[in-house]
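Fold and geometry: a report
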Amino acid sequence: MRAMIMDALAEPLEVREVEAPTAPAGGVVVEVHATGLCKSDWHAWVGHDDVSLPHVPGHELAGLIVEVGDGVQRWSVGDRVTVPFVMGCGACEWCLGGHAQVCPDQQQPGFTQWGSFAERVVLRAADTNVVRIPDDVSFEAAAALGCRFATAYRALTGRARVTAGEWITVVGAGGVGLSAVMIGVALGARVIAVDRTPAALDAARRLGAEHALVADGSDIAAAVHELTGGGSHVSVDAVGSAQTARDAVLSLRRRGRHVQIGLLPTADGMTSMPMARVIAWELDLLGSHGMAAVDYPEMLSLIESGALRPHDLIERVIGLGEAATLLPGMDSASPAGMTMIDPRRA
């Protein structure tokens, strides 16, 4: 099969022929029809994640099952499927409790194993992790759910528990940030989007953001407090930097809830937070790490009804060759939406 190969950290990527995988016991092999290009893939490429080389990135995917391993009960060749970017073991207390996204024995395509920037990919513990795609949901839209959209959905519904009429500040209007904007609006919230690029803010406005603030070094938190009459009820950092996390937390009103989605890589694994404000105002700091397969049906039903439209977030579809060129620049790129890869393209 053709795959994007990472032979060394932070070095150019090469698309070449490699041996196709076979289905392990309990798992399936999926022919990839769509896979998302995400900043998390850049984190793996640059070395923020511990990956074994040579490596194939890619963790947001959708496609057709082409091989089924021994012991798989729920899936057959030809099924249209997607998968969360965290695949649980299916047997631990967290998986059995419906929280596979924090499984201590989790596997992640594109990180702990070869990923979906290839014509085929292995999905393990398929009966726990694989999700059926409704016939009227495209492969591209389904692939968008695997990381950014599903993460934003669970962050707002399962973690922050947003209710209609609340103010939400979303810092970062890339793929996950625009997903949060769309979902927040669908929940009846009033959304403020923050980004450094006008195109991203224009996209946020089209999706229903009530206000759009340019991150140009000005006091974002003060602007949010003025717009909302005291601060947002919920804030989301969809970028992952000390500055964006701080801006998001300080934009909250008293007893507000902050959800951290963007990764915060530092040398010692620690990131400073304005804890004096957190304590004095009784703010909640919440992490969100994707969404388990068992939680997909509610989100998929909203997509089928048209209440949520993840395909509107897709900016373009490209092949593996172009993706290999674009991935190293993901840290400085400011896409107004999602880039999807079709590995079958020449």
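**Examining helix 8 (residues 242–250)**
Here helix 8 has its buried residues at Thr244, Ala245, Asp247, Ala248, Val249 and Leu250. Contacts from the buried residues of helix 8 go to strand 8 (167–171), helix 7 (220–228), strand 11 (232–237), strand 12 (252–260), helix 9 (275–280) and strand 13 (284–287).

**Some words on the nonpolar core**
Phe149, Leu156, Ile168, Val181, Tyr296 and Met299 are the most contacted members of the largest nonpolar core, which totals 55 residues. Of all the elements in the fold, those that place two or more residues in this core are helix 4 (139–159), strand 8, helix 5 (175–186), strand 9 (190–195), helix 6 (198–206), strand 11, helix 10 (296–305) and strand 15 (338–341). Considering each element in turn, this core owes the most residues, 12 residues, to helix 4. If you look at the next biggest cluster of nonpolar residues, it comprises 23 residues, including Ala3, Ala44, Ala323 and Ala324.

**A word on the pattern of salt bridges**
Within this structure, the stated rule accounts for 10 salt bridges. Between Glu60 and Arg148 there is a salt bridge, with its nearest N and O atoms 2.5 Å apart. Of this pair, Glu60 sits in the loop between helix 1 (39–46) and strand 4 (61–68) while Arg148 is found in helix 4, placing the two residues 88 residues apart along the sequence. On the basis of relative accessible area, Glu60 is assigned to the buried category, the value being 0%. When its relative accessible area of 7% is taken as the criterion, Arg148 is described as buried. Of the charged contacts, one joins Arg257 and Glu166 as a salt bridge, the two residues approaching to 2.9 Å between their closest N and O atoms. One end of the pair, Arg257, is in strand 12; the other, Glu166, is in the loop between helix 4 and strand 8, and 91 residues separate them in sequence.

The rules behind the values
Residues numbered from 1 in each chain as written. Predicted model: local features only at pLDDT ≥ 70, side-chain atom pairs only at ≥ 80, totals over all residues. Heavy atoms only, no water. Buried < 20%, exposed > 50% of the residue type's maximum accessible area, 1.4 Å probe, protein only. Helix = DSSP H or I, 4+ residues; strand = E, 2+ residues; numbered from the N terminus. Contact = heavy atoms within 4.5 Å. Core = buried A, V, L, I, M, F, W, Y, C linked by side-chain atoms within 4.5 Å. Salt bridge = Lys/Arg side-chain N within 4 Å of Asp/Glu carboxyl O.

On their own, these measurements won't tell you what the molecule is for.
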